[in-house]
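# Descriptive structure summary
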Amino acid sequence: MTRSRTQPEKNCKDCRGQHYVLKNPAGRVQAEICACFQCEICGGRGQVFAEDETGVSFMRACECAGLKKRLDSFNNANLPGKYLETQFDTYHPIGSQANKLALKTARDFVKDFEQKPQSGLLFMGTPGVGKTHLAVSILKALLLEKGVNGKFIDFFQLLSDIRHGYSQDLSEQAIINPFVHAPVLVIDELAKGRNTEWELTMLDQIISNRYNAADKVTIFTTNYTDEVSEPGHKKKSKDTHVEFSRNDASRSWAGEETLEDKVGDRIFSRLAEMCRFVKMEGDDFRRSMAGKSSPRSSGPGKKH
Ligand code: ADP
């Protein structure tokens, strides 16, 4: 019996029946069709003959072309190579209930993606709690499983690319347009840096364009929270799963500046309209894993 696209090699140790494998050939995560996958319908040409109702033959895309299209789109997503292994299954929600809820929110976001117009997500929390891990997992799943187009950008990197573009006579529009127009965009490390007037103007251009388009979904990560509590008091902030207080060790995460302080009220109010805020907390996973956790750390294995 011949093996077609609909009869994948589930036992393939490389792709486990997914038809594609991910690699990091040059600092970017790239997807390619797995060697186990042979389309018996088109023989790999991507096109097949078909006939219309009058018996006239024409060429049409083979059903396997959808897979190639998805992988092409994935390969244009600009995902840095360090996210090769990043996916929902490799996220272990240690630390707090908030992180469990954040994982569930992220998974549900993918699951429900077609069913209703989605608002975006804004993952907030201390460095190393897995905000980027979840944002990247969402993007990968949407691109590879749902065939959605999308891109990833580290906001700091984008600013640096724009500056570099000036020296090559490239306008800022030429650099930011692919990100402005991406149906799904992950902006990592929102508000990192000095947030000069120029930096905020660049951010405003992206956010305003995406906000006005109304059919674009944006997922952000930031080390800043949306609210500072009074000492000793706990406040619940917008749309959050978590209570924060200044006594909480996590309060030290970005000094006392809020996200609104960093980006200004205009951008902040757009963010609040475009996104659901998802709070995460806990120790820096990198440090925990390296066994160099801070004194408040309880180690990666401990359940909270
Ligand atoms: P953040 O964006 O919150 O600063 P990252 O998502 O970049 O943190 O996480 C830093 C590193 O730790 C990454 O390699 C990430 O995959 C890993 N990591 C963070 N939290 C977890 C977790 N709960 N389970 C597995 N890996 C994690």
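Per an unreviewed UniProt entry, the recorded name for the protein chain is DNA replication protein-like protein, and the organism is Nitrospina watsonii.

This part is about unusual backbone geometry. For Ala 191, which is not glycine, the phi dihedral falls at a positive 75 degrees. Mapping Ala 191 onto the fold places it in the loop between strand S7 (184–190) and helix H6 (197–213). In the Ramachandran plot, Ala 214 falls in the positive-phi region, its phi being about 65 degrees despite a non-glycine side chain. Position of Ala 214 relative to the elements: it lies in the loop between H6 and strand S8 (217–222).

Within the largest apolar cluster, 43 residues are counted, with the highest numbers of intra-cluster contacts made by Phe 123, Leu 134, Ile 138 and Ile 219. Secondary structure elements with two or more residues in this core: helix H1 (65–75), helix H2 (97–111), strand S5 (120–124), helix H3 (131–145), S7 and S8. Looking at which element gives the most residues to this core, the answer is H3, with 9 residues. Inspection of this core shows a minimum of three residues originating in each of domain 1 (20–73) and domain 2 (84–289). If we skip the residues at most four places from it in the chain, Ile 219 touches Phe 109, Leu 121, Phe 123, Ala 135, Ile 138, Val 184, Leu 185, Val 186 and Ile 187. Counting residues in each nonpolar core, the second largest holds 29 residues, with Val 180, Leu 203, Phe 268 and Leu 271 among its members.

Time to look at helix H8 (residues 265–274). Within the sequence span of H8, burial applies to Ile 267, Phe 268, Arg 270, Leu 271 and Met 274. End-on, the buried residues of H8 take up no more than an arc of 160 degrees, which puts them together on one face. Facing away from the buried surface of H8 by more than 90 degrees, the exposed residues are Asp 265 and Glu 273. In this structure, the buried side of H8 is in contact with S5, S7, H6, S8, helix H7 (259–263) and strand S12 (275–279).

What follows is about the sheet that holds S7. Strand order across the open sheet formed by 5 strands is S6-S7-S8-S5-S12, with parallel pairing between neighbours. For this open sheet the edge positions go to strand S6 (150–154) and S12, each flanked by a neighbour on one side alone. On average, each strand axis in the sheet is tilted by 15 degrees relative to the strand beside it, whichever way the strands run. By the bridge criterion, 4 bridges tie S5 to S8 in an arrangement that is parallel.

Further remarks concern the side chain of Thr 222. Inspection of the secondary structure assignment puts Thr 222 in strand S8. Overall, the relative accessible area of 0% leaves Thr 222 in the buried class. A distance of 2.9 Å separates the side chain of Thr 222 from the backbone oxygen of Leu 190, its partner in a polar contact. Those residues in contact with Thr 222, other than ones at most four positions away along the chain, are Leu 122, Phe 123, Met 124, Gly 125, Lys 131, Leu 190, Ala 191 and Leu 259.

Attention now moves to the site of the ligand. The full set close to the ligand counts 13 residues, and His 92, Gly 128, Lys 131, Thr 132 and His 133 are the nearest of them. Taking Lys 131, its side chain carries an N or O atom lying 2.7 Å from an oxygen atom of the ligand. In this structure, Thr 132 approaches the ligand through a side-chain N or O atom, which is 2.6 Å from an oxygen atom. When the free accessible area of the ligand is taken as 550 Å², the share hidden by the protein chains comes to 83%. Mapped onto the shell around the ligand, the elements with two or more residues apiece are H3 and helix H9 (285–289). In terms of residues, the shell around the ligand owes the most to one element, H3, which gives 3 residues. Per-class residue counts for the shell around the ligand are 4 nonpolar, 7 polar and 2 charged.

Rules used throughout
- Residues numbered from 1 in each chain as written.
- Predicted model: local features only at pLDDT ≥ 70, side-chain atom pairs only at ≥ 80, totals over all residues.
- Heavy atoms only, no water.
- Helix = DSSP H or I, 4+ residues; strand = E, 2+ residues; numbered from the N terminus.
- Core = buried A, V, L, I, M, F, W, Y, C linked by side-chain atoms within 4.5 Å.
- Buried < 20%, exposed > 50% of the residue type's maximum accessible area, 1.4 Å probe, protein only.
- Domains from an automatic or database assignment.
- Contact = heavy atoms within 4.5 Å.
- Arc of directions from axis to C-beta.
- Pairing = 2+ DSSP bridges.
- Axes fitted to C-alpha atoms, helices over the stretch in contact; angles between N-to-C directions.
- Polar contact = N/O pair within 3.5 Å; in protein donor to acceptor, adjacent residues only side chain to side chain.
- Near = heavy atom within 4 Å.
- Areas by Shrake-Rupley, 256 points an atom, 1.4 Å probe, with all protein chains shown as cover.
- Nonpolar A, V, L, I, M, F, W, Y, C, P; charged D, E, K, R; others polar.

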